[in-house]
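Take a look at the letters that make up each chain.
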Amino acid sequence: MSASHPVYRIGPDTFHTDPARLEQTLARYDEGKGLIGGDPRRRPQWLHPLPSEPARAFRLHQSSPEHLQRLRAFLAAGGPLEIEIGSGRGEFILDRAARHPERRFLAFEVKWKLLRRLAERAERLGLTNLWVSDDDARYDLPRLLAPGSVTVIHILFPDPWWKPKHQSRRIFLPPFIAVMADLLQPGGILRVATDVPGYAEYIIAQVTAHPAFAAPRPELAAAFADAVPTSRQAFCDAIGRPYQYLYFERLAAEPSAPPS
Ligand SMILES: C[S@@+](CC[C@H](N)C(=O)[O-])C[C@H]1O[C@@H](n2cnc3c(N)ncnc32)[C@H](O)[C@@H]1O
């Protein structure tokens, strides 16, 4: 394996949820339970600096009002908007932003070193259509974006967080699926990849439990034919580990509840 392709952890293929513990987590979701790095509203300080403004990197509770105003103006401008949650080494989002200058991109990666590198590479490439943050995306997205303003959400090879004690860190929890349903425009796409078979089953069950989403539609892959592999995907390709992409379309109207 080359130095540019790190060796990733291969966890179990099966995946379990502890319903009682999950219920406790969900009861405290609005208090920021499970946010990576803790609840930013209660954070005393940030240890690591972000690339200086006006570089397009931000923290919702640290960046200056002027910088956040620039971000909000970028987000409010017209045209398609794509979000990536968990960019890792950034291969995918940097390439996609460079290929699609007419689109706007917002990428989240909670690991500061990866985020810093992503921001630096975006600057070097002269990308003016990509903003990045090391905030937990689950905290920022509902606070930054208007309902129906997002075209695509990419969540590629997310950490499964197998252990019940880490369930609160999972992305695919009902409150955040509801946020994604709210933010995606009708016909918008939630694009997910995973190499953990049990996690794919879990994601499908969680996402389709929301009335805004139906079963994954593989044919939607055509819209992403030019996407380059992520770092984890390249690792899977190198060791012959299977993975799957799931494409969920945000339905135009949520089916109304049957009369009781
Ligand atoms: C397994 S890695 C995959 C990275 C990349 N997408 C790839 O396929 O190579 C998942 C990444 O998501 C990041 N992450 C996990 N939860 C996050 C969250 N709530 N907000 C932003 N980033 C998150 C982690 O720090 C990690 O780098």
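Quick caveat: nothing in here was measured; it's all calculated off a predicted structure.

1. Points about helix α8 (residues 231-239)
Working step 1: Residues Ser231, Arg232, Gln233, Ala234, Phe235 and Cys236 constitute the buried set of α8.
Working step 2: Elements in contact with the buried residues of α8: α3 (91-99) and β7 (244-249).
Working step 3: Following α8 by one or two positions, Gly240 has its phi on the positive side, about 70°.

2. Describing the nonpolar core
Working step 1: In this structure, Ile83, Leu106, Leu141, Leu145, Phe172 and Leu190 are the most contacted members of the largest nonpolar core, which totals 47 residues.
Working step 2: Among the elements that line this core, the one with the most residues is helix α6 (residues 174-183), at six residues.
Working step 3: Phe172 has contacts with Ile155, Pro158, Ile177, Met180, Leu190, Val192, Tyr199, Tyr202, Ile203, Gln206 and Val207, leaving out every residue within four places of it along the chain.
Working step 4: By size, the runner-up hydrophobic cluster in this structure holds 20 residues, among which are Ile93, Ala97, Val132 and Leu156.

3. Examining the packing of aromatic side chains
Working step 1: For the structure on display, the rule yields 13 aromatic pairs.
Working step 2: On the basis of an interplanar angle of 45° and a centroid distance of 4.8 Å, the ring pair of Phe15 and Tyr199 is categorised as tilted. Note that Phe15 is positioned in the segment before α1 (19-27) and Tyr199 in helix α7 (residues 197-208), a separation of 184 residues in sequence.
Working step 3: Among the residues examined, Phe15 registers a relative accessible area of 11% and is labelled buried.
Working step 4: Here Phe157 and Tyr243 contribute two aromatic rings whose centre-to-centre distance is 5.6 Å and whose plane-to-plane angle is 70°, an arrangement assigned as edge-to-face. On the criterion of sequence distance, the pair formed by Phe157 in the loop between β5 (150-156) and α6 and Tyr243 in the loop between α8 and β7 is long-range, its members being 86 residues apart.

4. Structural notes on the side chain of Asp135
Working step 1: Inspection of the secondary structure assignment puts Asp135 in the loop between β4 (130-133) and α5 (137-144).
Working step 2: For the buried residue Asp135, which engages in no salt bridge, the nearest side chain bearing the opposite charge is Arg59, 5.1 Å off.
Working step 3: Of note is the side chain of Asp135, whose polar atom sits 2.8 Å from the backbone nitrogen of Leu60.
Working step 4: Discounting chain neighbours no more than four positions away, the residues touching Asp135 are Phe58, Arg59, Leu60, Phe108, Val110 and Asp140.

Reading the values: rules and limits
- Residues numbered from 1 in each chain as written.
- Predicted model: local features only at pLDDT ≥ 70, side-chain atom pairs only at ≥ 80, totals over all residues.
- Heavy atoms only, no water.
- Buried < 20%, exposed > 50% of the residue type's maximum accessible area, 1.4 Å probe, protein only.
- Helix = DSSP H or I, 4+ residues; strand = E, 2+ residues; numbered from the N terminus.
- Contact = heavy atoms within 4.5 Å.
- Core = buried A, V, L, I, M, F, W, Y, C linked by side-chain atoms within 4.5 Å.
- Phe/Tyr/Trp six-rings, centres within 6.5 Å; stacked < 30°, edge-to-face > 60°.
- Lys, Arg positive; Asp, Glu negative; His and termini not counted.
- Salt bridge = Lys/Arg side-chain N within 4 Å of Asp/Glu carboxyl O.
- Polar contact = N/O pair within 3.5 Å; in protein donor to acceptor, adjacent residues only side chain to side chain.

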